[in-house]
Amino acid sequence: MTRVTIKKYFLSAYALWFICLSTPLTADDNCSFKFTSAQIDQDLFLEPIPGANEDRDYTMGLFIRFNSCRKGSSWFSGHEVQHLLLDALSISDSQTQFKYSTVFESLTYTPDNLAAEAPVFEDRPYSSILQVTNNLVAFKNAASSATEVSLSLGFLGLPVSEWAQLGIHQALRGITGGEEPVDPEGWNNQISNGGEPTAKLALTWFYRQNLRAKWVDIVYSTGANIGYQTGVNLGISARFGLLNKTKPVWQTDRAGGYLTKRSPERELYAIFTNRINFVGYNALLQGQFRGNPHELSTSEIERFVFENSLGIGWQNNKSDWLFSCTRRTSEFDLAERRSHFFCGLNFARSL
């Protein structure tokens, strides 16, 4: 079987897998949350700033989301598990409303030296994940507070990230006529190379500060997750400008909200987000059940990782846009430890 044939086989399988998992099975014409959204994270967005695009660490992410008001909005939902968790924590009752969403996600991480074929033991390993995440949000007043339960199922170590990065680099060299960016040569050393199933369960609480000022909006969040990434986190986001403060509390730092013809609210704002993560375990650095050519020990990961983001957003009754750039401190404690930067474009459209 040729490499081209193998690629076609895998791509066809991924496409079928995604369609099965994310196609909505029910519809609700009165749903205030009927919208699709997409987000692209790329260090290439930093290219106009000299020296800012370092092409390493978190280098690429893709998220495609479908939102619904109906339980069982995809073939795989996990909603029963999520409802059981909410009931066990006494979070939901007869007055609670629910919102559901299904997200296709692809994340890519690389070391600094892409030309090296052998593992670079002073740096992070190559790693990637392709997953489907189903989210359930429970709330009584969407503009005030909410609880989100997320269940992710996916695979570590598939070749999709390698193909995407290789294709992008070859296309850029074709456009510029230069020798950079170089082809990544070390993907055979990635965590769980060839594919390994994985999962994660996350619980996040959101709360909006009640402020009189119409031009400022502050939302707090705290969460915990267990699985291929295990830890806890705290966050705060602050928006300034022309704001719709009825926007769902869990949507303030990403595109998507009450996007309907019945909600003609407009937004134009700047957003600042700060988050601290305590990391107990990270399979994208430490590996999972399989042995890897390069994986980090418990003592080589950073326990506290800080994220600071700055962005600008715009919304009307049909579309929602958010562009933001993030600084993340080092996730590992090795000779090559460093902070890194990336930007993301998030877009949502009502259905």
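Residues numbered from 1 in each chain as written. Predicted model: local features only at pLDDT ≥ 70, side-chain atom pairs only at ≥ 80, totals over all residues. Heavy atoms only, no water.

So, the overall build of the chain
Rules: Helix and strand definitions follow DSSP, with helices as H or I runs of at least four residues and strands as E runs of at least two, each counted in order from the N terminus. Relative accessibility thresholds used throughout: buried, under 20% of the residue-type maximum; exposed, over 50%; partly exposed, between the two (1.4 Å probe, protein chains only). Working rule for contacts: check all heavy atoms of both residues, and any pair within 4.5 Å makes them a contact. Working definition of accessibility: Shrake-Rupley area with a 1.4 Å probe, residue cover restricted to the visible protein chains.
Scanning the chain for helices and strands turns up four helices and 12 strands. Considering the chain as a whole, with its 351 residues, one finds that 51% of them fall into the buried category. Contacts in the chain between residues at least 24 apart in sequence constitute 73% of all its contacts with a sequence separation of at least 6. For the chain, the computed accessible surface area is about 16400 Å², with 60% contributed by carbon and sulfur atoms.

With respect to the packing of aromatic side chains
Given two aromatic rings, their pairing is described by the distance between the two centres and the angle made by the two planes. What counts, and what does not: Under the pairing criterion, centres of Phe, Tyr and Trp rings, with the six-membered ring standing for Trp, must be within 6.5 Å; the plane angle then separates stacked pairs below 30 degrees from edge-to-face pairs above 60, leaving the rest tilted.
Tallied over the full model, the rule gives nine aromatic pairs. Ring plane angle 85° and centroid distance 5.7 Å describe the contact between phenylalanine 45 and phenylalanine 323, whose orientation is recorded as edge-to-face. Within this pair, whereas phenylalanine 45 is found in the loop between strand E1 (35–42) and strand E2 (57–68), its partner phenylalanine 323 is found in strand E11 (residues 319–328), the two being separated by 278 residues in sequence. Taken together, a centroid distance of 5.9 Å and an interplanar angle of 65° make the contact between phenylalanine 240 and phenylalanine 272 edge-to-face. Of this pair, phenylalanine 240 sits in strand E8 (residues 229–242) while phenylalanine 272 sits in strand E9 (residues 267–282), and the two are 32 residues apart along the sequence. Given a relative accessible area of 37%, phenylalanine 272 falls into the partly exposed group. A network of ring pairs unites the aromatic residues Tyr58, Tyr109 and Phe342 as a single cluster.

Some thoughts on helix H3 (residues 160–176)
The line we're drawing: The span one expects for a helix is its residue count, reduced by one, times 1.5 Å.
Across its 17 residues, H3 extends 24 Å between first and last C-alpha, which sits within 8% of the 24 Å expected from 1.5 Å per residue. Along H3, the positions that sit buried rather than exposed are Ser161, Glu162, Trp163, Gln165, Leu166 and His169. Where H3 ends, the next residue or the one after it, glycine 177, has phi of about 75°, a positive value.

A closer look at unusual backbone geometry
Most of the time, phi is negative for any residue but glycine, and the peptide bond is trans. In this structure, proline 181 follows glutamate 180 across a cis peptide bond, with omega equal to 0°. Positionally, proline 181 belongs in the loop between H3 and strand E6 (196–208). Positioned with a positive phi, aspartate 57 is a non-glycine residue whose angle comes to about 60°. Mapped onto the fold, aspartate 57 is located in strand E2.

Notes on the confidence of the model for the chain
We count it as follows: Per-residue confidence from the prediction method is given by pLDDT, with values spanning 0 to 100.
Within the chain, residue pLDDT values average 85, and 83% of them lie at 70 or more. In the model of the chain, helix H1 (residues 3–22) stands out as the element of lowest mean pLDDT, 42, in contrast to helix H4 (residues 283–286), which has the highest, 98. Contacts from residues 1–30, a stretch scored under 50 in pLDDT, to residues over four places away or in other chains number 41 contacts.

A look at the environment of glycine 311
Relative to the helices and strands, glycine 311 resides in strand E10 (residues 304–315). When the C-alpha positions of glycine 311 and threonine 273 are compared, they lie 8.6 Å apart, and in sequence the two are 38 residues distant. Ignoring sequence-local partners within four residues, the contact set of glycine 311 consists of Tyr269, Ala270, Ile271, Phe323 and Ser324.

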